[in-house]
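Next come the chains, spelled out residue by residue.
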Amino acid sequence: MKRKNILLIGMMLSISISSMAQKFALIDTEYILKNIPAYEMTNEQLSQMSKKWQGEIEALQQEAQNMYKSYQSERVFLSAEMITKREEEIVKKEQEAQELKRQYFGAEGELYQKRTSLVKPIQDEIYEAAKDIAEEKGYQVILDRASAMSIIYASPRIDISNEVLIKLGYSK
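Residues numbered from 1 in each chain as written. Predicted model: local features only at pLDDT ≥ 70, side-chain atom pairs only at ≥ 80, totals over all residues. Heavy atoms only, no water.

Chemist: It is not clear to me how the nonpolar core should be interpreted in this structure. Could you clarify?
Modeler: The nonpolar side chains of a soluble globular protein tend to be buried, and buried together. If you look at the biggest cluster of nonpolar residues, it comprises 18 residues, and the most contacted ones within it are I27, I32, I36, I126, V164 and L168. Of all the elements in the fold, those that place two or more residues in this core are β1 (24-27), α2 (29-34), α5 (110-137) and α6 (161-168). The dominant element in this core, judged by the number of residues it contributes, is α5, at seven residues. Excluding residues that lie within four positions of it along the chain, I126 makes contacts with I27, T29, I32, L33, I36, V164 and L168. Grouped together as the second largest cluster of nonpolar side chains are nine residues, L46, W53, I57 and L60 included. (Core = buried A, V, L, I, M, F, W, Y, C linked by side-chain atoms within 4.5 Å. Buried < 20%, exposed > 50% of the residue type's maximum accessible area, 1.4 Å probe, protein only. Helix = DSSP H or I, 4+ residues; strand = E, 2+ residues; numbered from the N terminus. Contact = heavy atoms within 4.5 Å.)

Have a look at this one:
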């Protein structure tokens, strides 16, 4: 009798522990994004814009440098008033270049805003696909391998990145 009770208690404990187990899955957003052609096109478009804007900034900086070299060679022939005026023009040109750089590449600059407007819809699609798969398969948590630096090892069996790609219409 005592043996049956212990066995019964053991079975109840194992059942309750197994029912508390949660299902986890992983996705690798970098891998998923690399397999979405729209994302690659977006990156190329952003790269071209960045190069164009960088060229504009470099042209202004070069112009300021040329103004400074010219000023240095002509300084001995200029009046005090002209020296001040030329120095102000050079500083103004350098500030213009810095302002343009901040406008294009700053924390809230045009590149950041453009990247957000182009990439966010793709990221939202990935999120929705992962959410749908989680609901279908009963996952309580889906971790992103690309952003979770603390994941040292994860079994490839729980990686659902290819399922997300398939759900998005990109078969792998």
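Chemist: Hey, could you run me through the packing of aromatic side chains in this one?
Modeler: What characterises a pair of aromatic rings is the spacing of the ring centres plus the angle enclosed by the ring planes. For the structure on display, the rule yields four aromatic pairs. Between the aromatic rings of W53 and Y104, the centroid separation amounts to 4.5 Å while the plane-to-plane angle is 5°, which identifies the pairing as stacked. With W53 in helix α3 (residues 37-74) and Y104 in helix α4 (residues 80-105), this pair connects stretches of sequence that are 51 residues apart. Under the relative-accessibility criterion, W53 is labelled buried at 6%. Summarising the aromatic geometry, the rings of Y104 and F105 are spaced 6.4 Å apart at their centres and angled 80° between planes, so their arrangement reads as edge-to-face. Y104 sits in the buried class, given a relative accessible area of 9%. The partly exposed category is assigned to F105, whose relative accessible area is 27%. Grouping aromatic residues by their ring pairs yields a cluster made of W53, Y104 and F105. The ring of Y139 carries the charged tip of K23 above its face, separated from the ring centre by 5.2 Å. (Phe/Tyr/Trp six-rings, centres within 6.5 Å; stacked < 30°, edge-to-face > 60°. Lys NZ or Arg CZ within 6 Å of the ring centre and 35° of its normal.)

Chemist: Please explain α5 as it appears in this structure.
Modeler: In an α-helix, one full turn covers 3.6 residues, which means residues spaced three or four apart are oriented alike. Here α5 contains 28 residues, and its C-alpha end-to-end distance of 40 Å stays within 8% of the 40 Å for a straight helix at 1.5 Å per residue. Bending of α5 peaks at approximately 35° at the position of V119, with proline P121 no more than four residues after it. Taken residue by residue, α5 has L111, V119, I122, I126, A129, A130, I133 and A134 as its buried positions. Tucked into the core, α5 has its buried residues touching β1, α2, α3, α4, β2 (141-144) and α6. (Expected span 1.5 Å × (residues − 1). Bend = angle between axes of the 7 residues up to and from the residue.)

Coordinates in, geometry out; function isn't part of it.
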